[in-house]
Amino acid sequence: MASLKISSDWIASDENFRPEFDQSYGQLGIRVDDDWITEYETESGSRGERLEVPAYPLAEWIAENWWSLLYEPAKGDRSRKDPGFRSRHWMGSARDGFALPDGWICSLGRGSVRVESRPAYFPHARLVLRNTCDAQLRTDDVAAALAGFVDSVVERLNAAGITETGLQAIWGAFKSIDADEHRFCRLLGALGMSPYDAAPDISELITGALGDVSEQVAEDFCEAADVGDALEAAADVVQTLAALDGESELDFTDLFSLKSRGDRTPRRMALEAVKSARERFSIAAGDPQGGEQFLQKLALNAIVRGQEGVRDMDEPVLHGSLRRTANTLRFNLIRKQLASRRYDAARACYLAWIQASDGDRLVTRARVPDQQASRIFAAELLAPIEYIRSRTRNNVLSPYGAAEIADTLCVSDAVVSWQASHNRISVVGQHGGQWG
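Residues numbered from 1 in each chain as written. Predicted model: local features only at pLDDT ≥ 70, side-chain atom pairs only at ≥ 80, totals over all residues. Heavy atoms only, no water.

**Here's the deal with helix 5 (residues 139–159)**
- Relative to the 30 Å expected for 21 residues at 1.5 Å per residue, helix 5 spans 30 Å between its end C-alpha atoms, a close match to the ideal helical length.
- Of all the residues in helix 5, the buried ones are Thr139, Val142, Ala143, Ala145, Leu146, Ala147, Phe149, Val150, Val153, Val154 and Leu157.
- Positioned one or two residues after helix 5, Gly161 has a phi angle of 80 degrees, which is positive. (Helix = DSSP H or I, 4+ residues; strand = E, 2+ residues; numbered from the N terminus. Expected span 1.5 Å × (residues − 1). Buried < 20%, exposed > 50% of the residue type's maximum accessible area, 1.4 Å probe, protein only.)

**Focus: the environment of Leu129**
- Note on placement: Leu129 falls in strand 10 (residues 127–129).
- Owing to a relative accessible area of 1%, Leu129 belongs among the buried residues under this scheme.
- Separated by 110 residues in sequence, Leu129 and Pro19 place their C-alpha atoms 27 Å apart.
- What Leu129 contacts, discounting residues up to four positions off in sequence, is Ile37, Thr38, Glu39, Tyr40, Leu51, Leu100, Pro101, Pro119, Ala120 and Phe122. (Contact = heavy atoms within 4.5 Å.)

**Looking at the sheet that holds strand 8 (residues 112–118)**
- What the three strands build is an open sheet, ordered 7-8-11; its pairing is antiparallel. Each edge of the sheet is formed by a strand with only one pairing partner; in this case those strands are strand 7 (102–109) and strand 11 (133–138). In this sheet, neighbouring strand axes are inclined to one another by 20 degrees on average, regardless of whether the strands run parallel or antiparallel.
- Examined bridge by bridge, strand 7 and strand 8 share seven bridges and lie antiparallel to one another. Its bridge partner lying in strand 8, Cys106 is registered against Arg114.
- Across the sheet, helix 5 is in contact with strand 8 and strand 11; its angle to strand 11 comes to roughly 100 degrees. (Pairing = 2+ DSSP bridges. Axes fitted to C-alpha atoms, helices over the stretch in contact; angles between N-to-C directions.)

**Description of the sheet that holds strand 10**
- With antiparallel pairing, four strands are arranged side by side in an open sheet as 5-4-10-9. Edge positions in the sheet fall to strand 5 (47–48) and strand 9 (120–122), since each of these pairs with one other strand and no more.
- Pairing of strand 4 (residues 40–42) with strand 10, which is carried by three bridges, proceeds in the antiparallel orientation. Across the sheet, residue Thr42 finds its bridge partner in strand 10, namely Leu127.

**Section: the pattern of salt bridges**
- This structure, assessed with the given rule, holds 31 salt bridges.
- A salt bridge links Arg365 to Asp226; the nearest nitrogen and oxygen atoms lie 3.7 Å apart. Residue Arg365 is located in the loop between strand 15 (359–364) and helix 16 (369–382), and its partner Asp226 is located in the loop between helix 9 (215–224) and helix 10 (230–244); the two are separated by 139 residues in the primary sequence.
- Relative accessible area serves as the criterion here: at 28%, Asp226 is assigned to the partly exposed category.
- A salt bridge links Glu292 to Arg305; the shortest N-O distance between them is 3.6 Å. Residue Glu292 is located in helix 13 (residues 290–297), and its partner Arg305 is located in helix 14 (residues 301–306); the two are separated by 13 residues in the primary sequence.
- Accessibility expressed as a relative area gives 48% for Arg305, which makes it partly exposed. (Salt bridge = Lys/Arg side-chain N within 4 Å of Asp/Glu carboxyl O.)

**Structural notes on the packing of helix 18 (residues 399–409) against helix 19 (residues 413–421)**
- At a minimum axis separation of 8 Å, helix 18 and helix 19 run at an interaxial angle of 115 degrees. It follows from the interaxial angle that helix 18 and helix 19 lie roughly perpendicular. The interaxial crossing formed by helix 18 with helix 19 has right-handed handedness. Together, Ala402, Ala403, Ile405 and Ala406 of helix 18 and Asp413, Val416 and Ser417 of helix 19 make up the contact between the two elements.
- Its residues assigned to classes, the contact of helix 18 with helix 19 shows five nonpolar, one polar and one charged. (Parallel < 35°, antiparallel > 145°, perpendicular 65-115°, else oblique. Left-handed = near helix turned anticlockwise from the far one by under 90°. Nonpolar A, V, L, I, M, F, W, Y, C, P; charged D, E, K, R; others polar.)

**Digging into the environment of His422**
- Take His422: it is sitting in the loop between helix 19 and strand 17 (426–427).
- For His422, a relative accessible area of 38% puts it in the partly exposed group.
- With 37 residues separating them along the chain, His422 and Ile385 place their C-alpha atoms 9.6 Å apart.
- Side-chain polar atoms of His422 contact the side chain of Ser421, separated by 3.4 Å. (Polar contact = N/O pair within 3.5 Å; in protein donor to acceptor, adjacent residues only side chain to side chain.)

**Examining the pairing of strand 14 (residues 328–333)**
- Bridging between strand 12 (residues 250–251) and strand 14 involves two bridges; their strand directions are antiparallel. Residue pairing in the sheet places Leu250 in a bridge with Leu329 of strand 14.
- Sheet topology note: the strand 13 (residues 318–325)/strand 14 ladder contains six bridges and is antiparallel. Among the inter-strand pairings, Gly320 is bridged to a residue of strand 14, identified as Leu333.
- Here strand 13 folds back onto strand 14 in antiparallel fashion, the turn holding two residues, of which Ala326 has a positive phi close to 55 degrees.

**Digging into helix 9**
- Extensive coverage of helix 9 is indicated by the burial of seven of its ten residues.
- Among all positions of helix 9, only Val217, Ala218, Asp220, Phe221, Cys222, Glu223 and Ala224 are buried.
- The secondary structure elements touched by the buried residues of helix 9 are strand 7, helix 7 (179–191), helix 8 (200–207), helix 10, strand 15 and helix 16.

**Some words on the packing of aromatic side chains**
- Within this structure, the stated rule accounts for 16 aromatic pairs.
- An angle of 90 degrees between the planes, with centres 5.3 Å apart, marks the rings of Phe17 and Phe98 as edge-to-face. You can see Phe17 sitting in the loop between strand 1 (4–10) and helix 1 (19–23) and its partner Phe98 sitting in the loop between helix 4 (83–89) and strand 7, a full 81 residues away along the chain.
- Since its relative accessible area comes to 17%, Phe98 is described here as buried.
- Centroid distance Phe281 to Phe294: 6.0 Å. Interplanar angle 70 degrees. Geometry classified as edge-to-face. (Phe/Tyr/Trp six-rings, centres within 6.5 Å; stacked < 30°, edge-to-face > 60°.)

Structural data, given as structure tokens:
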């Protein structure tokens, strides 16, 4: 994976800013692998890799948003347009009138963080930041780089006799937390909240309802929910996990005996898993009944058609839960529509299959890699692209055509449309949103 380094070479300032700005003035450099995202060119033609700015605003922004930067993934297609999400993840929020990259730091879940940046022009400074980057890094590596930078700024302030800034107060509190508090802060960060100003009901949610579930379930939940829907969704978590005790135990030896490769991109992993499942159960790649055959082979139809879901919405936070024990599996599905339940059952199969150990998991709306891979697996299994392609003309699919195919396959129109568009078939009037 890529590497991140943030540092400032201190310079004596005569600008007479605020004391913490003056004492943290220097040449700030941010490098992702070999690319300096702080590399600039002025209107006069001067170039450099580091910006002469105070380091304090960036350090304070990192400290304030530490837990969200490392643990909160995007919760939807419009996350970056949400002012709150933007303030927590967009580096420009820390500019305070100075030039900083048009960069984003967002969790991808499962121990990885994405760092992106693109060129930016600053008329007042008469310079342009030139470079782009889009890198995936280990969460621990990002944490070490951010902490090292914040530590250096705090040490600089302490050496100058400045001791009562907001940065020092927040960073001091951060340094004093124990293991139990770390879990609390991490889950709040994943929800998009600061542990320093969390609402009492959300704090109670973390210590109460989520205090008794496994780490995997807590992560699944917080990576999918946000502050606005967390309380309602938490009630669904409690209900679905309790319901697992009464669900039928299904033998999944045939599926779990197949090897899953964990060193590929989510898309490649999902498609290779579909291929392996089809080979095991003798399902042709373009067979429109292939998804139904898969569900029948694993005795899933009784659950898909027999349970009663509690949510009628297209995209609730929680879609269902599963419990893997050795080679057996139990499911509980949340949504009411048959097409959605078939899709969610297939997703749950994939999540259980790639799971490294026994235990509970949630099927959610989250955009993290394993949840996204489960969507790709379910979409290709239930709506084979070979079949969709055979039903199109001139590589174009209309909304009416997507609806006809969806009805034949018993999936949602959205699954067919997304399958088509992600396989280079033009979809007329395609809407945004998630895969079913």
